[in-house]
Amino acid sequence: MITTAKRLHIIEEYYFSSKLREVRQLAAEGKPIINMGIGSPDLQPAPTIVAAIVAAMQDENAHQYQSYQGLPELREGMAAFYSKNYGVALNPVTEILPLMGSKEGIMHISLAFLNEGDHVLIPNPGYPTYTSVTNLVGAVPVYYDLKEGNQWEPDFEALEQLDLTKVKIMWIGYPHMPTGARGSLELFEKLVAFAAKHQILLVNDNPYSFVLNDNPMSLLQVEGAKDVALELNSLSKTFNMAGWRVGMVLGNANAIDAVLKVKSNMDSGMFYGIQKGAVAALKSDKAWFDAMNEIYRKRRIVTEELAEKLGCKVYKEGVGLFVWAKLPDGVTSAEVFIDRILHEKSIFITPGTIFGSNGEGYIRFALCVEEEKIREAISRF
């Protein structure tokens with residue numbers, strides 16, 4: 001038997017990869033599963049986006065290897081999108097790099113900057129991939145607390161008490177996943193100052209800024225952010241293109257160049273047609289966001305009703321694609337709670353524990369289910 005690499009001993013299979021096998025098996029057995037666990041948009045991209053990729057299939061260049069940096073018009077489209085929606089000026093040649101989804105950017109950034117033994121500041125609760133990638137590259141996760149009493153924002157006094165001498169990267173993500181905390185420009189200013197003071201690369205993971213959020217923000221709006229920061233963004237949630245795998249990393253030109261050195265050894269460019277579809281998506285106007293958010297707004301109202309039906313207390317200030325809720329008094333395990341609902345009511349909800357120890361006592365509902373299905377879930381109780 002060929003033994004696996006030691007790095008696999010310190011990570012586990014991604015939660016949704018394993019849990020969804022169980023959910024699919026229950027569905028195959030005839031269970032009427034309502035999946036409110038995973039944030040995969042069920043809505044469709046705009047017809048203009050689909051038309052763009054279909055038309056691109058006839059282009060004589062469509063099936064060749066593509067540039068590692070993406071089409072110039074894609075980078076220009078990303079720059080125009082940031083200028084229009086965030087008021088951020090970016091050089092499309094040196095400060096933007098298209099990615100095959102922002103998730104791969106977490107790995108690329110980590111490979112570009114982390115040596116074995118380096119430390120990484122990771123939010124608790126937060127996206128599990130920050131931890132798994134940190135472990136895969138041999139770095140050390142250092143968790144910082146986010147708590148409801150502080151609006152799910154970092155405690156800077158507590159951060160300053162940590163040993164920061166080995167910290168190379170700090171991961172943040174606002175609007176926050178899983179809680180939906182909005183963040184603010186004032187918070188971003190504090191984070192940029194903290195990163196500059198301690199010579200830390202600050203990375204904001206920003207895929208949810210247009211979902212149920214009237215004030216989209218970018219870390220790069222803060223003066224001096226480009227000196228110390230990168231931002232990841234994605235078309236997955238904003239334009240219902242999760243399976244297309246289109247993301248971007250933006251910000252510090254030297255850091256972008258370092259990420260490109262890694263990326264250019266990992267793939268051979270994004271498919272031409274998908275890039276053309278992404279160009280069309282980035283030109284979407286306010287009417288697109290308004291129409292999408294009207295659907296999500298109705299879903300959120302009904303999902304909050306479901307959460308309250310379960311005796312949970314909803315975090316009402318949240319934005320983005322999820323509803324974050326505190327478990328009923330007396331319930332001690334989020335995983336036991338959601339498993340009982342899965343097997344007794346055929347409804348899959350995510351336990352907060354997969355996002356870190358501060359997620360214990362909470363559950364997360366995704367808004368990627370039709371309103372009628374959410375009402376059906378309520379009726380099962």
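The numbers attached to residues start from 1 for each chain and follow its sequence in the written order. Only residues with pLDDT of at least 70 get local features here, since the model is predicted, and only at 80 or more are side-chain atom pairs given and counted; chain-wide, interface and lining totals rely on the full set of residues. Water and hydrogen atoms were dropped before computing side-chain values, which therefore reflect all heavy atoms in the structure.

Colleague: Honestly, the overall build of the chain in this entry has me stumped. Any pointers?
Modeller: The secondary structure content of the chain amounts to 13 helices and 13 strands. On C-alpha atoms alone, the chain measures out to a radius of gyration of 21 Å, which is about the 21 Å that the 2.2 N^0.38 rule sets for 381 residues. Contacts are assigned to residue pairs that have any heavy atoms within 4.5 Å of one another. Taking the intrachain contacts of the chain between residues at least 6 apart in sequence as the baseline, contacts between residues at least 24 apart amount to 74%. Computed with a 1.4 Å probe, the accessible areas rest on the Shrake-Rupley method; for each residue, only the protein chains presented here act as cover. Of the accessible surface of the chain, which amounts to about 17000 Å², a share of 51% is contributed by carbon and sulfur atoms. The positive charge centre, built from 37 side chains, and the negative charge centre, built from 45, are 4 Å apart in the chain. Think of it this way: any DSSP run of H or I at least four residues long counts as a helix, any run of E at least two long counts as a strand, and we number them from the N terminus. Only the C-alpha atoms count toward the radius of gyration. The rule for a globule is 2.2 Å times the residue count to the power 0.38. This count recognises Lys and Arg as positive and Asp and Glu as negative, with His and chain-terminal groups excluded. By convention, the point assigned to a charge is CZ for Arg, NZ for Lys, CD for Glu and CG for Asp.

Colleague: I would appreciate a short explanation of the nonpolar core in the present structure.
Modeller: Side chains that are nonpolar tend, in soluble globular proteins, to be buried together. To form a nonpolar core, buried Ala, Val, Leu, Ile, Met, Phe, Trp, Tyr and Cys residues must be joined to one another through side-chain atoms within 4.5 Å. Categorising residues by exposure relies on relative accessible area from a 1.4 Å probe, with only protein chains included: less than 20% of the type maximum marks a residue as buried, more than 50% marks it as exposed, and the intermediate range marks it as partly exposed. Ranked by internal contacts, the top residues of the largest apolar core, which has 129 residues, are I109, L121, M170, W171, F239, I363 and F365. When residues of this core are assigned to their parent elements, the largest contribution, 7 residues, is made by helix 11 (residues 286-309).

Colleague: Explanation requested: the packing of helix 3 (residues 72-86) against helix 10 (residues 272-282) in the structure shown.
Modeller: Structural elements are reduced to axes, namely lines fitted to C-alpha atoms, with helices fitted over the stretch in contact, and the angle between N-to-C directions of any two is expressed from 0 to 180 degrees. One way to put it is that helix 3 packs onto helix 10 with a least axis distance of 9 Å and a crossing angle of 20°. As the angle between them shows, helix 3 and helix 10 are arranged roughly parallel. As helix 3 runs across helix 10, the sense of the crossing is left-handed. Judged by residue contacts, E73, L74, G77, M78 and F81 of helix 3 engage Q275, K276, A278, V279 and L282 from helix 10. Throughout, the term roughly parallel applies to angles under 35 degrees, roughly antiparallel to angles over 145, roughly perpendicular to angles from 65 to 115, and oblique to all others. Handedness of a crossing follows from how the near helix is turned relative to the far one, being left-handed for an anticlockwise turn of less than a right angle and right-handed for a clockwise one.

Colleague: How should helix 2 (residues 47-56) be read in this particular structure?
Modeller: One turn of an α-helix holds 3.6 residues; hence residues three or four places apart share an orientation. Looking only at helix 2, the buried set comprises I49, I53 and A56. Along helix 2, the residues classed as buried sweep out an arc of 65° about the axis, all on the same side. Away from the buried face of helix 2 by more than 90 degrees, exposed residues P47, T48, V54 and A55 are located. On the buried face of helix 2, the contacting elements are helix 10. Working definition: the arc comes from the directions between the helix axis and the C-beta atoms, pointing outward to the latter.

Colleague: Explain the environment of G247 to me, please; I cannot follow it from the model alone.
Modeller: Position of G247 relative to the elements: it lies in strand 8 (residues 247-251). Overall, G247 belongs to the buried group, its relative accessible area being 0%. In sequence terms G247 and G311 are 64 residues apart; their C-alpha atoms lie 37 Å from each other. Ignoring anything within four residues of it in the chain, the contact list for G247 reads M78, P98, L99, G101, S102, N233 and S234.

Colleague: Could you clarify how one ought to interpret the sheet that holds strand 8 in this entry?
Modeller: Remark on secondary structure: sheet strands pair via backbone hydrogen bonds, oriented parallel or antiparallel. Across the sheet, which stays open at both edges, the 7 strands sit in the order 2-8-7-6-5-3-4 with mixed pairing between neighbours. The sheet is open, and its two edges are formed by strand 2 (96-99) and strand 4 (140-145), each paired on a single side. On average, each strand axis in the sheet is tilted by 20° relative to the strand beside it, whichever way the strands run. Here strand 5 (residues 167-172) pairs with strand 6 (residues 201-205) via 4 bridges, running parallel. Paired strands are those between which DSSP finds at least two bridges.

Colleague: How should the UniProt feature "domain: Aminotransferase class I/classII large" (unreviewed entry) in the chain be read in this particular structure?
Modeller: UniProt positions are given in the numbering used here, feature names are shortened, and annotations may be inferred rather than shown by experiment. Within this structure's numbering, the places UniProt gives as "domain: Aminotransferase class I/classII large" (unreviewed entry) are residues 32-381. As annotated, residues 32-381 has a helix share of 39% and a strand share of 16%, and its two end C-alpha atoms lie 14 Å apart.

Colleague: How should I be thinking about the pairing of strand 6 in this particular structure?
Modeller: On a regular strand, one side chain projects to one face of the sheet and the next to the other, so that they alternate. Most of strand 6 is tucked away: 5 of the 5 residues are buried. Because side chains alternate across strand 6, one face comprises the buried residues L201, V203 and D205, and the other comprises L202 and N204, equally buried. Sheet topology places strand 6 next to strand 7 (residues 229-234); 4 bridges connect them, and they run parallel. Pairing of N204 across the sheet is with E231, part of strand 7.

Colleague: I tried to follow the packing of aromatic side chains on my own but got confused; where do I start?
Modeller: Note on aromatic contacts: the rings of Phe and Tyr and the six-membered ring of Trp form a pair at centre separations within 6.5 Å, being stacked when their planes are under 30 degrees apart, edge-to-face when over 60 apart, and tilted otherwise. Here the structure, examined in full by the defined rule, presents 18 aromatic pairs. Here K345 stacks its cationic end above the ring of F381, 5.5 Å away from the centre of that ring. The rule for a charge over a ring is simple: NZ of Lys or CZ of Arg within 6 Å of the ring centre, and within 35 degrees of the ring normal.

Colleague: I would appreciate a short explanation of the sheet that holds strand 10 (residues 322-326) in the present structure.
Modeller: With respect to topology, 4 strands assemble into an open sheet ordered 9-10-13-12, the strand pairing being antiparallel. Lying at the two open borders of the sheet, with one neighbouring strand each, are strand 9 (313-314) and strand 12 (350-351). Across the sheet, helix 11 is in contact with strand 9, strand 10 and strand 13 (362-366); its angle to strand 10 comes to roughly 20°.

Colleague: Is there a simple way to explain the pattern of salt bridges in this structure?
Modeller: Oppositely charged side chains can form a pair if their charged atoms are brought close together. For this document, the term salt bridge refers to a Lys or Arg side-chain nitrogen within 4 Å of an Asp or Glu carboxyl oxygen. Taken as a whole, this structure holds 16 salt bridges when the rule is applied. Of the charged contacts in the structure, one is a salt bridge between D290 and K286, with a shortest N-O distance of 2.8 Å. One end of the pair is D290 and the other is K286, both in helix 11 and 4 residues apart, which spans about a single turn. Its relative accessible area of 58% is what places K286 among the exposed residues. Members of the salt-bridge network, linked through shared partners, are R300, E304, E308 and K316.

Colleague: Whenever I open this one, the side chain of N124 confuses me. Can you help?
Modeller: Within the secondary structure, N124 sits in strand 3 (residues 119-124). Once residues within four sequence positions are removed from consideration, N124 is found in contact with Y143, Y144, D145, L146, F355, G356, S357 and N358.

Colleague: Would you explain the pairing of strand 13 in this entry?
Modeller: Counted residue by residue, strand 13 has 5 buried out of 5 residues, so it is predominantly covered. Where burial is concerned, the two faces of strand 13 agree: the one with Y362, R364 and A366 and the one with I363 and F365 are both buried. With 5 bridges joining them, strand 10 and strand 13 adopt antiparallel strand pairing. When the sheet's bridge partners are listed, A325 is paired in strand 13 with I363.

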